[in-house]
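Next come the chains, spelled out residue by residue.
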Amino acid sequence: MRPVEQNEVAVALDVGGTWTRAAVVDEFGKVLWRNRVATLRDQGTEALIEQLAQSVGQACDIAAPSSIRGIALGMAGPLDPRTGVLFAPPNLMEMDGVSLTQRWGDSMGAPVLVGNDATLAALGEYHYGAGQGCHTLVYITLSTGIGGGIVVDGQLLQGASGFAGEIGHTRVESNGPECGCGSRGCLEAVASGTGIARQARARVARGEASLLAAEVSSMDAIDTVDVFNAAARQDRLAQDIVGKAARGLGVGLLNVLQLLDPDLIVLGGSVSQQWPVLAPVVEAHVAEHAMNSHFRESFKVAVSPLGDDIVMLGAAALVWDTISQLSAYP
Ligand SMILES: [Zn+2]
């Protein structure tokens, strides 16, 4: 494998439905510079691509005089990792059918790589976060949506078409709440930040008694943190919603555990900050339903230490991994 040369850096972007983050990262995962801008929404595909090009250009200017080894973007949505084409990303519909790898070609002065954000986050966790030293690592983001990535011996498990890891749309509650994908009872509908808040709003709007009804200025103002806070104060409606989220997560994580036998499951995203509240229910579910003592004893969960940098660190790892692979097959 070709070693990374001194003063080589990666330019890494995290393109989400709300924020676009950009960073310059060295081979050790040190973030040398970072910036974020609100993702330009509802102004069309070309305007968004132009904004992303500007973010890349700014990072490249900052990175000089270091040599930029690659530019990688983690995109919020399903995409084909071979072509980089995004497939109907719900939070980035402007980019449906677009591949920045193909679109930009060589024009950026360095190879352009793209990946799904949760998948790249798994790679970032494996190289630079809680997953260091793991053989099999599963990363799950509990955020606006729920996505996941799987790393086995340093390689991303992509699946036949690149869509592997969509744990958010595995079913954890029969007849559960409706999901954005059109199904019901998906883990994302039950335990994502959006799902938790949406359930609370709907039930308060139907007239169910709750502290939430009196404490917020409007239904739309109820957010996930409000629900967890109300649950901590023994509000029964909030406790019911949080309890269902925890049980759903228990079902989902036990399925992951027994399907992949990971060393570690890492949770990221805003809802992962509530892990101390969710953990007792999840752990009780695993203790009760795991098929044997191996799975009961090997169930380990960590909350990601990488914060908002996680997707960018994964994108940088993709650059360094891709260089290694290219060099192995000259
Ligand atoms: Zn779904």
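A. Looking closely at the coordination of the zinc ion. The protein atoms donating to the zinc ion are His169 (ND1), Cys179 (SG), Cys181 (SG) and Cys186 (SG), with metal-donor distances spanning 2.1 to 2.4 Å. One can describe the site at the zinc ion as tetrahedral: its four donor atoms subtend angles covering 103 to 124° at the metal. Donor residues for the zinc ion sit on one chain with the sequence pattern H-x9-C-x1-C-x4-C. The pair Cys179 / Cys186 is uniform in exposure class, with both members buried.

B. Molecular detail of the nonpolar core. Ranked by internal contacts, the top residues of the largest apolar core, which has 42 residues, are Ile140 and Val227. Contributing elements (two or more residues each) for this core: strand S6 (136-142), strand S7 (146-152), helix H4 (187-191), helix H5 (193-205), helix H7 (224-232), helix H8 (236-260), strand S9 (264-268) and helix H9 (275-289). For this core, the leading source of residues is H8, giving eleven residues. In this structure, Ala10, Ala23, Leu123 and Val311 belong to the second largest nonpolar core, which totals 33 residues.

C. Region of the structure containing the pattern of salt bridges. Under the criterion given, the structure shown has twelve salt bridges. The shortest N-O distance in the salt bridge between Arg103 and Glu46 comes to 2.5 Å. One end of the pair, Arg103, is in helix H2 (residues 100-104); the other, Glu46, is in helix H1 (residues 45-63), with 57 residues separating them in the sequence. Overall, the relative accessible area of 42% leaves Arg103 in the partly exposed class. In this structure, Asp240 engages Arg203 in a salt bridge whose closest nitrogen and oxygen atoms are separated by 2.7 Å. Separated by 37 residues along the polypeptide, Asp240 in helix H8 and Arg203 in helix H5 bring together distant segments of the chain. Through salt bridges with shared partners, one network takes in Arg203, Arg206, Glu208, Asp240 and Lys244.

D. Structural detail: H1. Helix length check: H1 (19 residues) gives 27 Å between terminal C-alpha atoms against 27 Å at 1.5 Å per residue, within 8%. Along H1, the residues classified as buried are Leu48, Ile49, Gln51, Leu52, Ala53, Ser55, Val56, Ala59, Cys60 and Ala63.

E. The sheet that holds strand S3 (residues 31-38), seen in detail. The mixed open sheet is built from five strands, whose spatial order is S3-S2-S1-S4-S5. Since the sheet does not close on itself, it has two edges, and those belong to S3 and strand S5 (112-116), each with one partner. Taking each pair of neighbouring strands and ignoring which way they run, the sheet shows an average axis angle of 15°. Pairing of strand S1 (residues 8-15) with strand S2 (residues 19-25) involves six bridges; the strand directions are antiparallel. Residue pairing across strands places Asp14 opposite Arg21, the latter belonging to S2.

So, how was this worked out
- Each chain carries its own residue numbering, running from 1 in the written order of its sequence.
- Reporting in this predicted model follows two pLDDT cut-offs: at least 70 for local features of residues, and 80 or more for side-chain atom pairs to be given and counted; totals over whole chains, interfaces and linings ignore these cut-offs and use all residues.
- Each side-chain value is derived from all of the structure's non-hydrogen atoms; neither hydrogens nor water enter the calculation.
- Shown as donors are all N, O and S atoms within 2.8 Å of a metal ion, widened to 3.2 Å for Na, K and Ca; because water is not in the atom set, sites may appear incomplete.
- Every geometry call rests on angle ranges, with four donors termed tetrahedral when all angles are between 85 and 135 degrees, four termed square planar and six termed octahedral when opposite donors are over 155 degrees apart and all others are between 65 and 115, and everything else termed irregular.
- Only protein chains enter the calculation, and the probe is 1.4 Å; a residue is then buried if its accessible area is under 20% of its type maximum, exposed if over 50%, and partly exposed in between.
- To define a nonpolar core, start from buried Ala, Val, Leu, Ile, Met, Phe, Trp, Tyr and Cys residues and group those joined through side-chain atoms within 4.5 Å.
- Strands are runs of DSSP state E lasting at least two residues, helices are runs of H or I lasting at least four, and both sets are numbered from the N terminus onward.
- The salt bridge criterion pairs a side-chain nitrogen of Lys or Arg with a carboxyl oxygen of Asp or Glu, the two atoms within 4 Å.
- Helix span, as expected, comes to 1.5 Å for every residue beyond the first.
- Two strands pair under a simple rule: DSSP has to find at least two bridges between them.
- Angles run from 0 to 180 degrees between N-to-C directions of axes, and those axes are lines fitted to C-alpha atoms, restricted for helices to the stretch in contact.

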